[in-house]
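Take a look at the letters that make up each chain.
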Amino acid sequence: MHNKTIAELSAALASGEVSSVALTEHFLARIKRLDPELNSFVTVTAEQALADAAAADAARAEGSAGPLTGVPFAHKDIFCTEGVKTACGSKMLDNFIAPYDAAVVSKMKAAGMVMLGKTNMDEFAMGSSNETSFYGPVKNPWDKERVPGGSSGGSAAAVAARLAPMATGTDTGGSIRQPASLCGITGLKPTYGRVSRYGMIAFASSLDQAGPMARSAEDCALMLQLMAGFDERDSTSLENEVPDYSKGLNNSLEGLRIGLPKEYFGEGLDPEVAKVIETAIEEYKKMGATVKEISLPNTHLAVPAYYIVAPAECSSNLSRMDGVRFGHRCDDPKNLEDLYSRSRGEGFGEEVKRRILVGAYALSAGYYDAYYIKAQQIRHLISDDFKAAFTEVDLIMGPTTPSTAFNVGEKSKDPISMYLSDIYTISANLAGLPGLSLPAGFAQNMPVGLQVIGNYFDEARLLNVAHRFQQETTWHQQTPAGIE
Ligand code: GLN
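Note that the structure is a prediction, hence the values are computed from the model and not measured. (Residues numbered from 1 in each chain as written. Predicted model: local features only at pLDDT ≥ 70, side-chain atom pairs only at ≥ 80, totals over all residues. Heavy atoms only, no water.)

**So, the overall build of the protein**
What the protein contains, in helices and strands, is 15 helices and eleven strands. Computed over the C-alpha atoms, the radius of gyration of the protein is 21 Å, within 12% of the 23 Å expected from 2.2 N^0.38 for a compact globule of 484 residues. The principal-axis extent of the C-alpha atoms belonging to the protein is close to 65 × 55 × 45 Å. If you sum the accessible surface of the protein, you get close to 17900 Å²; carbon and sulfur atoms cover 52% of it. Charge separation in the protein, taken as the distance between the mean sites of 44 positive and 58 negative side-chain charges, equals 1 Å. (Helix = DSSP H or I, 4+ residues; strand = E, 2+ residues; numbered from the N terminus. Rg over C-alpha atoms; globule rule 2.2 N^0.38 Å. Areas by Shrake-Rupley, 256 points an atom, 1.4 Å probe, with all protein chains shown as cover. Lys, Arg positive; Asp, Glu negative; His and termini not counted. Charge placed at Lys NZ, Arg CZ, Asp CG, Glu CD.)

Next comes the structure, spelled out in C-alpha cells:
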C-alpha cells in the first residue's frame, strides 16, 4: 500500500479495496518501525489520525467523500495546526500549541485528508541540511550517513521512505526543491502568492511559499489543486484563477522551448550530476522539445542578495519571539531586558542567531542603503534576467543542486559552503517564479533532481513537463534499499 501514489490510493479507497483506517494504521506502523532511525517526524498524531480516518470511512460509506478523503499525509512543522504542537524546529516554540490552523491545514482538513503528524525541519526553515533543527538531524533514507537536504528535510525523507504518500513543504530559497532532489522525490514551489501563507510561521515573508512534496508530478498536481487559491488573510495572496492542474498532465511536449542557462552548468557542478541532467534533457528532445542555451547573467549575485534579504526579513519576523506572549521564557528574569535577551538567547539556535545579527545589521540606519537597498536592486536585475529569458523559451531547466546529498556534519561548520548548495534554487524565490524538482537519475548511488523553472503561474506546464518525463522513466519509482 505504501508504494501507491495518492492517485492510486484515492482509487483504492473509492473502490473499497482498503479503508482509511487500515491505510492510516499501515503508515503509522511504518513510522514506528522506520522513523526512529530517520527522525523525519517530530510529532506523530496517531490517535487523532485514527479518529480522522474513521470519520473519513464514515463519510465514504454515507456517500459524502471527495477523492482525497481518507488519504494520509504529513505537514511540515512550520504550519500551525490547532491543538497540536507547532515548533518550527526550534526550542523557542517547543512548548507552543497552535491556537488555529494555517490556511493550507484547513484546506486539507476540509478535503478529509488524514494528518499522520508533523515533520522535522531546519530551525525556522533556515538551513539546507536539516542539521539546524532543535530535534536533531534527519537522515537521508538513501544513505543514512547523508543529509536529506533542508529545510523541508523531514517531509522529503518521510515521503522517500514511504512513511507518508505526501507531505507539505515550504520554500524560501530552495527548501522544497533541494530536499526533493536529494531524496529522490518530486517537489513544487509555486509562484509567490499562489498558496496562502496564513498560519505558516514566517521566515522571509517576501520569499516564503508553500507547496507539495510527493513521489509523482501527478500527485503534486492533486495536492496543489487543494493548496492553491486566493486568501484575503494573506495580503500577498493573488487572485488569479486556479486552473485544473491534472487536466493538462498528458499534453504533448512537441515544440516546447527549453532554455538551459549556461550559468547553471559551469564551475561547481558535479560532473556526474551534469551527466544525469544532460541525459534527462535528451529525453525531452525525444519527446519533441527544442533546447537552447540561454543566459541568466546575474545568477552569481543571487546567493549574496538572498543572504541580505532573507536575514533582514527574518530579523523582523522573529522579533515576535520575545518570551512574553508565547514560546520559551527564561527562568527568573531580573527585568524586562533580561527576560528578552535570555529567552531569545536560550531559545534560538546558532544559525538563527547568525541570521538575526546579519539582518539587523543590514537594516541598520548606517548600512541600509549599502546592503538592503542594494540587495533589492539585485533582486530586480534577477527578475529582469528571467523576464528576458521567457521571451525566448517556455521554461528553464537545469540541475536542482550542484551535488548529490552531502554527509551529515560535512558543511555544518562552514555556512558559506552550505549557502552555496542553494545556488540554482534561490533565483526563483527572488523573482517569485514557480520551480519544480523531479527525480532524473542517480550519481554516486544518490538521487539527482532536474529543476524546471517556469514563468509566473505556469505551474500547470511544469507539472505537465514533469509528468510526461515520469511516463517515460522510472526514476521517481525507485525505492531506497531497506525501505521496502
Ligand atoms: N537553505 C536556504 C536557507 O537556509 C533556504 C531555506 C528555505 O528555503 N527555507 O535560507
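That shown, we press on.
**With respect to the packing of aromatic side chains**
Describing an aromatic ring pair means giving the distance of the ring centres and the angle of the ring planes. If you walk through the whole model with that rule in mind, you get 15 aromatic pairs. Ring plane angle 70° and centroid distance 6.0 Å describe the contact between Phe124 and Phe348, whose orientation is recorded as edge-to-face. Of this pair, Phe124 sits in the loop between strand 3 (114-119) and helix 5 (153-160) while Phe348 sits in the loop between helix 10 (336-347) and helix 11 (350-363), and the two are 224 residues apart along the sequence. Its relative accessible area of 5% is what places Phe348 among the buried residues. Between Tyr284 and Phe469 the ring centres are 5.4 Å apart and the planes differ by 15°, which places this aromatic pair in the stacked class. Of this pair, Tyr284 sits in helix 8 (residues 271-286) while Phe469 sits in helix 15 (residues 459-472), and the two are 185 residues apart along the sequence. Exposure class is identical for Tyr284 and Phe469. Each is buried. An aromatic cluster of three or more residues is present, and its members are Trp142, Phe442 and Trp475. (Phe/Tyr/Trp six-rings, centres within 6.5 Å; stacked < 30°, edge-to-face > 60°. Buried < 20%, exposed > 50% of the residue type's maximum accessible area, 1.4 Å probe, protein only.)

**Focus: the nonpolar core**
Of all hydrophobic cores here, the largest spans 143 residues; its most connected members are Phe124, Tyr284, Phe386, Met397 and Leu463. Top contributing element to this core by residue count: helix 9 (residues 302-317), with ten residues. The residues contacting Leu463, other than those within four sequence positions of it, are Leu188, Ala217, Cys220, Ala221, Leu224, Tyr245, Leu249 and Leu436. (Core = buried A, V, L, I, M, F, W, Y, C linked by side-chain atoms within 4.5 Å. Contact = heavy atoms within 4.5 Å.)

**With respect to the packing of helix 4 (residues 103-110) against helix 7 (residues 217-227)**
Contact geometry of helix 4 with helix 7 gives a least axis separation of 9 Å together with a crossing angle of 110°. Of the possible angle classes, the one that applies to helix 4 and helix 7 is roughly perpendicular. For the pair helix 4 and helix 7, contact is made by Val104, Lys107 and Met108 and by Met223, Leu226 and Met227, respectively. When the residues that make up the contact of helix 4 with helix 7 are grouped by side-chain class, the tally is five nonpolar, no polar and one charged. (Axes fitted to C-alpha atoms, helices over the stretch in contact; angles between N-to-C directions. Parallel < 35°, antiparallel > 145°, perpendicular 65-115°, else oblique. Nonpolar A, V, L, I, M, F, W, Y, C, P; charged D, E, K, R; others polar.)

**Observations regarding the site of the ligand**
Close contacts around the ligand come from 15 residues, with Gly173, Ser175, Tyr306, Arg355 and Asp422 the closest. Residue Ala125 places a main-chain N or O atom 2.8 Å away from a nitrogen atom belonging to the ligand. With respect to the ligand, the side chain of Ser128 contributes an N or O atom lying 2.8 Å from a nitrogen atom. Coverage of the ligand by the protein chains reaches 100% of its 290 Å² of free accessible surface. The class makeup of the residues in the shell around the ligand is five nonpolar, seven polar and three charged. (Near = heavy atom within 4 Å. Polar contact = N/O pair within 3.5 Å; in protein donor to acceptor, adjacent residues only side chain to side chain.)

**Quick notes on the pattern of salt bridges**
Applying the stated criterion across every chain yields a total of 19 salt bridges. The closest approach of N and O atoms between Lys285 and Glu282, which form a salt bridge, is 3.1 Å. Remark: Glu282 and Lys285 occur in helix 8; sequence separation between them is three residues, near one turn of the helix. Residue Glu282 is classed as partly exposed on the basis of its relative accessible area, which comes to 41%. Taking the shortest distance from any N to any O, the salt bridge between Asp458 and Arg461 comes out at 2.9 Å. (Salt bridge = Lys/Arg side-chain N within 4 Å of Asp/Glu carboxyl O.)

**A closer look at the side chain of Ser437**
Secondary-structure assignment places Ser437 in strand 10 (residues 435-443). Reaching out from Ser437, the side chain makes a polar contact with the side chain of Thr400 at a distance of 2.9 Å. Beyond its immediate stretch of four places on either side in the chain, Ser437 contacts Arg177, Ala180, Ser181, Ile185, Thr186, Gly187, Thr400, Gly449, Leu450 and Gln451.

**Quick word on the pairing of strand 2 (residues 72-76)**
Side-chain direction in a regular strand flips from residue to residue, so the side chains alternate between the two faces of the sheet. When you tally the buried positions in strand 2, you get five out of five residues, the bulk of the element. With four bridges connecting them, strand 2 and strand 3 associate as parallel partners. Each bridged residue has a counterpart across the sheet, and for His75 the counterpart in strand 3 is Lys118. At this point the chain moves from strand 2, through helix 4, to the parallel strand 3, and the crossover so formed is right-handed. (Pairing = 2+ DSSP bridges. Right-handed = clockwise from strand over helix to strand, strands pointing away.)

**Quick look at helix 3 (residues 46-62)**
Between the first and last C-alpha of helix 3 there are 24 Å, a value that for 17 residues agrees with the 24 Å anticipated at 1.5 Å per step. What helix 3 keeps buried is the set Ala49, Ala53, Ala56 and Ala59. End-on, the buried residues of helix 3 take up no more than an arc of 120°, which puts them together on one face. Of the residues in helix 3, the exposed ones pointing more than 90 degrees away from the buried face are Glu47, Ala61 and Glu62. Each element contacted by the buried residues of helix 3 is listed here: helix 2 (20-38) and strand 3. Positioned one or two residues after helix 3, Gly63 has a phi angle of 85°, which is positive. (Expected span 1.5 Å × (residues − 1). Arc of directions from axis to C-beta.)

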